[in-house]
Amino acid sequence: FSHNANVDIAYRLAALYVEEMANVRPSKQYRYLTKAKELLEFCLAEHEDPEYMNLLAYVLLERDDLLEAEVMYHRCLSIEPTIDKGYYNLARLYLQMEKFPDAEKASKAAIELEPNNDDNYNQLGLIFHRQGQADQALAAINKAIELKR
């Protein structure tokens, strides 16, 4: 195997751990996330790829390593601002941290990149709801429903 093949295999294996996490009992999920984290850190040590950063940030978010996840999302988005689900997951992270203005800003960035993605509007609605902004929450949720049709 070439060096690049090893990195590719490690990335695919990390992605598989993340994908399969939903299919294992909770006691095993953290181990899957830990394995994925180790593999992605290996990948990043070899190559600063925003795909690796994005998946690692997601893994960190799922592990509740929120500050590390925030740093990794910012690093990823500074290199590749249009990366799939980057701003969506950053908004998820900020919502979990109760940083509502940051969550709203990230969610709006996700909508700007993918205006026809109903998940982005659902999340924005949730962010508004958590801030007690019922009218804006309802408008965002209605937009998500409209897009879903």
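Our structure's up above, just so we're on the same page.
Caption draft 1: The arrangement of the packing of aromatic side chains in detail. What the rule picks out here adds up to two aromatic pairs. Between Tyr 11 and Tyr 52, the aromatic rings sit 5.1 Å apart at their centres with planes inclined by 45°, giving tilted as the arrangement. Separated by 41 residues along the polypeptide, Tyr 11 in helix 1 (residues 3-20) and Tyr 52 in helix 3 (residues 50-62) bring together distant segments of the chain. Aromatic pair Tyr 17 and Tyr 32: ring centres 5.2 Å apart, planes at 80°, arrangement edge-to-face. On the criterion of sequence distance, the pair formed by Tyr 17 in helix 1 and Tyr 32 in helix 2 (residues 26-46) is long-range, its members being 15 residues apart. For Tyr 32, a relative accessible area of 19% gives the class buried. Lying over the aromatic face of Tyr 88, Lys 85 brings its terminal NZ or CZ to 4.3 Å of the ring centre. Between Lys 143 and the ring centre of Tyr 121, over which it is positioned, the NZ or CZ distance is 5.8 Å.

Caption draft 2: Structural context of the nonpolar core. Within the largest apolar cluster, 36 residues are counted, with the highest numbers of intra-cluster contacts made by Leu 40, Met 72, Leu 90 and Leu 93. Apart from residues no more than four positions distant in its own chain, Leu 90 is found in contact with Tyr 73, His 74, Leu 77 and Ala 106. Ranked by size, the runner-up nonpolar core spans seven residues in total, among them Ile 111, Ala 137, Ala 140 and Ala 144.

Caption draft 3: How the structure looks around the side chain of Glu 70. Checked against the element boundaries, Glu 70 lands in helix 4 (residues 66-79). The class for Glu 70 is buried, based on a relative accessible area of 15%. A distance of 2.9 Å separates the side chain of Glu 70 from the side chain of Tyr 94, its partner in a polar contact. Dropping the residues within four chain positions of it, Glu 70 is found in contact with Leu 93, Tyr 94, Met 97 and Lys 99.

Procedures and definitions
Residues numbered from 1 in each chain as written. Predicted model: local features only at pLDDT ≥ 70, side-chain atom pairs only at ≥ 80, totals over all residues. Heavy atoms only, no water. Phe/Tyr/Trp six-rings, centres within 6.5 Å; stacked < 30°, edge-to-face > 60°. Helix = DSSP H or I, 4+ residues; strand = E, 2+ residues; numbered from the N terminus. Buried < 20%, exposed > 50% of the residue type's maximum accessible area, 1.4 Å probe, protein only. Lys NZ or Arg CZ within 6 Å of the ring centre and 35° of its normal. Core = buried A, V, L, I, M, F, W, Y, C linked by side-chain atoms within 4.5 Å. Contact = heavy atoms within 4.5 Å. Polar contact = N/O pair within 3.5 Å; in protein donor to acceptor, adjacent residues only side chain to side chain.

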